[in-house]
Amino acid sequence: MKVRELTIPGAWEFTPAQHGDDRGLFLEAFKGDLLAETIGHRFELAQVNTSVSAAGVLRGIHFADVPPGQAKYVTCNVGAVLDVVVDLRVGSSTFGKWDAVLLDDTNRKAVYLAEGLGHGFCSLMDGSTVTYLCSTGYNPAAEHGVNPLDETLGIDWPRVGRDGSPLEYRLSDKDVAAPGLAEAQRLGLLPRTGPNGGQR
């Protein structure tokens, strides 16, 4: 499995080796020892989530209160999504910056993001199925979001799907109502760098 650090500290891309024959293929989608070596500590799996999205669906930008925060290991088992990691940690040298990885059922990459980082994606085709390994369970009181279309973030979301057709963005009511980055910071919703700021 190949590992590449993203431009946001605390986020990595993992590309598995795929072994195929006339029956299909096999790959190691998650390697705990490799992840621990990469991030400097064991990943404690508390919950596994799966979402299925139509083309054009935008989910995010989501994050959880720190501490404890929620680290994620994200893959796309079916279809394709542009997966985006946003640094929401106030005081970070890359605060407000983002990086993106194409997750699909061809290269079968995964993205790990540490506690305190924001996460979102855009589905590039109907039925895109994303699996998230999460370090903590769902806690609605500690879950927050930043509007994925916030101009301050300036995320370059895809305009066409996997088949080349134009995408019409579809967001949940909660994501539409989410504050922009500056407003979330003013409200004190964002995590901070340091011992309890999203990095161990």
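In case you missed it, the structure is sitting above this.
Everything numeric here is computed off the predicted structure, so don't read it as measured data.

### Here's the deal with the environment of Ala142
Residue placement: Ala142 occurs in the loop between strand S12 (128-134) and strand S13 (143-145). When the C-alpha positions of Ala142 and Pro67 are compared, they lie 9.7 Å apart, and in sequence the two are 75 residues distant. The residues touching Ala142, leaving out its near neighbours within four places in the chain, are Phe63, Ala64 and Asp65.

### As for the pairing of strand S2 (residues 11-15)
Counted residue by residue, S2 has 4 buried out of 5 residues, so it is predominantly covered. Where strand S1 (residues 2-5) and S2 come together, 4 bridges link them in antiparallel fashion. Each bridged residue has a counterpart across the sheet, and for Arg4 the counterpart in S2 is Glu13. Count of turn residues in the S1/S2 antiparallel hairpin: 5 residues, of which Gly10 carries a positive phi of about 95°. Sheet topology places S2 next to strand S10 (residues 110-113); 4 bridges connect them, and they run antiparallel. By the bridge assignment for S10, Ala11 is matched with Leu113.

### Overview of the packing of aromatic side chains
The geometry of two aromatic rings is summed up by the distance between their centres and the angle between their planes. This model, assessed by the stated rule, comprises 5 aromatic pairs. Ring geometry for Phe30 against Tyr73: centres 5.0 Å apart, planes inclined by 85°, an arrangement best described as edge-to-face. One end of the pair, Phe30, is in the loop between strand S4 (24-27) and helix H1 (32-39); the other, Tyr73, is in strand S7 (residues 72-78), with 43 residues separating them in the sequence. You can call Phe30 partly exposed: its relative accessible area is 34%. Three or more aromatic residues joined by ring pairs make a cluster, and in this case those are Trp12, Phe14, Phe30, Phe43, Tyr73 and Tyr112.

Parameters and conventions
- Residues numbered from 1 in each chain as written.
- Predicted model: local features only at pLDDT ≥ 70, side-chain atom pairs only at ≥ 80, totals over all residues.
- Heavy atoms only, no water.
- Helix = DSSP H or I, 4+ residues; strand = E, 2+ residues; numbered from the N terminus.
- Contact = heavy atoms within 4.5 Å.
- Buried < 20%, exposed > 50% of the residue type's maximum accessible area, 1.4 Å probe, protein only.
- Pairing = 2+ DSSP bridges.
- Phe/Tyr/Trp six-rings, centres within 6.5 Å; stacked < 30°, edge-to-face > 60°.

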